Amino acid sequence: MLAHAIDNQAIIDLKILLVVASCLLASPYIAKFLKLPLSATEIMLGSFIGFLGFIGESENFKLLANAGFYYLMFIAGMEINLKTFLNTEKSLLQRAMIYIVLLYAFSVLAVEIVDISYVFAIIIPVMSVGLLSTLYRDFGKNCEWLNISMIVATLAEVVSIVLLTITAAFLGQGADIFSLTQNLFYLVSFLALCIFGFKFLEVLFWWYPQLKTILMPWQDQNEKDIRFCMAIFIAIVAIMIYFKLEVALGAFIAGSFIATFFDHKKDLEHKLSSFGYGFLIPIFFIYIGSSFKLKMLLDPEVLIIAFSLTTFMIVLRIFSALVFLNHLGGIKNTFLFGLSHSMPLTLLIAIATLSYQTNIISQNIYSGLVLTALAEAILAISLIKFINNLGKKQSC
């Protein structure tokens, strides 16, 4: 009777909800048993349940997963206080630029030598702070190498998103120069507006500091601080979608503004991240895992592509990170720094999907890139924890 009352898609969605609920409950215990990072475990669980056929095609599941990713970027942004970021010493910023240039230079060189599509010159150096932000739960905010890593990754991600926007305009619109110019105009305008907003709020809160406590009271039974943050988060996501800009960038900047101007609410980040890491963000990891077909593990070409790219991308970042050797205070922190940038999960999959949909790469290369994204995430997080535990002294 119930089956007739509910359409097939609703049944699929209900099944996905039950499976995801089971994964949310079981993943911490499985991660502890396997001694793996929780996010990596959730990705593996997603792949396994997808292989068993428990997850069907569902736009609602995809929408919820995207919300989880955007929320992850929002939480990642809250790790960055823009006042501290803008006051970063020039030597660090100079090293950061050299580091980013090295990544792209060696990527272009590798593409020329191997003679593959130039889209790999964008794919190989791509960077995202999404998974990097999860390391704060293990190392804390006083970890020097992680704080430097976040600053550099933020700059590198902006470069990645700009290049992704240009690539999307070319590939998605058939190299339409008008669409390309329009997208770049929107992106530059948004970044300029963010700079203006920062300066404006800085002056406004200097003259009227009481506005902070009006928007986010010290004590409030109605959770005005959470409501305000959610309103900002939803508004920025809507704006980015409307102007066809990278939503992740908007969510990240929104989180940074919250951290910068409302730092008097010390428990705010904990309250927001508890909800995110307990519900929305794991759904994103499960969805990413389910998007990979385990049968591709039996294809030698896919495995070779994934192994080669994973190795090269990690080694390239560690080698390029040597420019920070003196700044980070040793080879151990340099390794941790390089590994922390080897988890460009979401942007890597985004570029791979875009390239596949426009027939720039084959299905095997696409599968290899997805496997690379998953392998890097699992391997990098595991190696970071292993290397950090060497000598039984936390490297912070």
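Residues numbered from 1 in each chain as written. Predicted model: local features only at pLDDT ≥ 70, side-chain atom pairs only at ≥ 80, totals over all residues. Heavy atoms only, no water.

- Identification of the chain as Sodium/hydrogen exchanger family protein from Campylobacter peloridis is taken from an unreviewed UniProt entry.
- The heading Subcellular location (unreviewed entry) in the UniProt record of the chain holds the text "Membrane". (UniProt positions renumbered as here; feature names shortened; annotations may be inferred.)

Details of a nonpolar patch on the surface
Then, number 1: Together, Phe 319, Leu 322, Leu 325, Ile 331 and Phe 335 make up an exposed nonpolar region whose accessible area comes to about 430 Å².
Then, number 2: Structurally, Phe 335 is set in helix α17 (residues 331–340). (Patch = residues over 30% accessible without salt bridge, like charges linked within 9 Å, V, L, I, M, F, W, Y side chains within 5 Å. Areas by Shrake-Rupley, 256 points an atom, 1.4 Å probe, with all protein chains shown as cover. Salt bridge = Lys/Arg side-chain N within 4 Å of Asp/Glu carboxyl O. Helix = DSSP H or I, 4+ residues; strand = E, 2+ residues; numbered from the N terminus.)

Focus: helix α2 (residues 8–34)
Then, number 1: A rise of 1.5 Å per residue sets the reference length of α2, with its 27 residues, at 39 Å; its end C-alpha atoms lie 36 Å apart and thus fit the reference within 8%.
Then, number 2: Approximately 45 degrees is the largest bend angle found in α2, and it occurs at Ala 26, with the proline Pro 28 only one to four residues beyond.
Then, number 3: Within α2 the residues assigned to the buried category are Asp 13, Ile 16, Val 19, Val 20, Cys 23, Ser 27 and Ala 31.
Then, number 4: Those residues of α2 that are buried are in contact with α3 (38–51), α4 (59–77) and α14 (268–290). (Expected span 1.5 Å × (residues − 1). Bend = angle between axes of the 7 residues up to and from the residue. Buried < 20%, exposed > 50% of the residue type's maximum accessible area, 1.4 Å probe, protein only. Contact = heavy atoms within 4.5 Å.)

As for α3
Then, number 1: Compared with the 20 Å implied by 1.5 Å per residue over 14 residues, the 20 Å span of α3 between its first and last C-alpha is a close match.
Then, number 2: For α3, the full list of buried residues reads Ser 39, Ala 40, Thr 41, Glu 42, Ile 43, Leu 45, Gly 46, Ser 47 and Ile 49.
Then, number 3: At the exit of α3 stands Gly 53, carrying a positive phi of roughly 85 degrees.

Section: empty space enclosed by the protein
Then, number 1: According to the stated counting rule, one finds 1 cavity of 30 Å³ or more in the structure shown.
Then, number 2: Empty space within the largest cavity amounts to approximately 40 Å³.
Then, number 3: Lining the largest cavity we find Phe 69, Leu 72, Ser 128, Gly 130, Leu 131, Phe 284, Met 343, Leu 345 and Thr 346.
Then, number 4: A breakdown of the residues in the lining of the largest cavity according to their chemical character gives 6 nonpolar, 3 polar and no charged. (1 Å grid on protein atoms, 1.4 Å probe; cavity = no way out; pocket = protein on both sides within 12 Å on 5 of 7 lines; lining within 4 Å. Points joined across faces, edges and corners; volume = space filled by probe spheres on them. Nonpolar A, V, L, I, M, F, W, Y, C, P; charged D, E, K, R; others polar.)

A look at the environment of Asn 147
Then, number 1: Mapped onto the elements of the fold, Asn 147 is located in helix α9 (residues 144–172).
Then, number 2: Sequence separation between Asn 147 and Phe 200 is 53 residues; the distance between their C-alpha atoms is 26 Å.
Then, number 3: Discounting residues that sit within four places of it in the chain, Asn 147 has contacts with Tyr 136, Lys 141 and Asn 142.

Details of the pattern of salt bridges
Side-chain pairs of opposite charge can arise whenever the charged atoms involved come near each other.
Then, number 1: Scanning all chains against the criterion turns up 2 salt bridges.
Then, number 2: Two residues, Glu 223 and Lys 271, come together in a salt bridge whose shortest N-O distance is 3.0 Å. Placement of the pair is Glu 223 in the loop between α11 (210–215) and α12 (224–242) and Lys 271 in helix α14, with a sequence separation of 48 residues.
Then, number 3: Between Lys 271 and Asp 225 there is a salt bridge whose closest N-O contact spans 3.0 Å. Remark: Asp 225 occurs in helix α12 and Lys 271 occurs in helix α14; sequence separation between them is 46 residues.
Then, number 4: Residues participating in the shared-partner salt-bridge network are Glu 223, Asp 225 and Lys 271.

Side note on the packing of aromatic side chains
Then, number 1: On inspection of all chains with the given rule, the structure shows 24 aromatic pairs.
Then, number 2: The interplanar angle of 75 degrees and the centroid separation of 5.4 Å between the aromatic rings of Phe 139 and Trp 145 together place this pair among those described as edge-to-face. No difference in accessibility class separates Phe 139 from Trp 145, as the two residues are buried. (Phe/Tyr/Trp six-rings, centres within 6.5 Å; stacked < 30°, edge-to-face > 60°.)

Points about the nonpolar core
Then, number 1: In this structure, Phe 74, Tyr 99, Phe 120, Trp 145, Phe 324 and Leu 345 are the most contacted members of the largest nonpolar core, which totals 112 residues.
Then, number 2: Beyond its immediate sequence surroundings of up to four residues, Leu 345 is in contact with Ile 43, Leu 131, Phe 284, Phe 285, Ile 288, Ala 373, Leu 374 and Ala 377.
Then, number 3: In terms of nonpolar packing, the next biggest core, distinct from the first, is built from 10 residues, Val 19, Cys 23, Leu 45 and Ile 283 among them. (Core = buried A, V, L, I, M, F, W, Y, C linked by side-chain atoms within 4.5 Å.)

Looking at the side chain of Arg 317
Then, number 1: By the secondary structure assignment, Arg 317 is in helix α15 (residues 300–320).
Then, number 2: One buried charged side chain, Arg 317, makes no salt bridge at all; its nearest oppositely charged neighbour is Glu 376, positioned 5.0 Å away.
Then, number 3: Within the structure, the side chain of Arg 317 is placed 3.4 Å from the backbone oxygen of Pro 125, a separation counted as a polar contact.
Then, number 4: Those residues in contact with Arg 317 that lie beyond four places of it in its chain are Tyr 99, Leu 103, Ile 124, Pro 125, Val 126, Met 127, Gly 338, His 341, Ser 342 and Pro 344. (Lys, Arg positive; Asp, Glu negative; His and termini not counted. Polar contact = N/O pair within 3.5 Å; in protein donor to acceptor, adjacent residues only side chain to side chain.)

Details of the confidence of the model for the chain
Then, number 1: Put simply, the chain has an average pLDDT of 84, and 94% of its residues get 70 or more.
Then, number 2: When pLDDT is averaged over each helix and strand of the chain, the minimum, 51, is found for helix α1 (residues 2–5) and the maximum, 92, for α15. (pLDDT = per-residue confidence, 0-100.)

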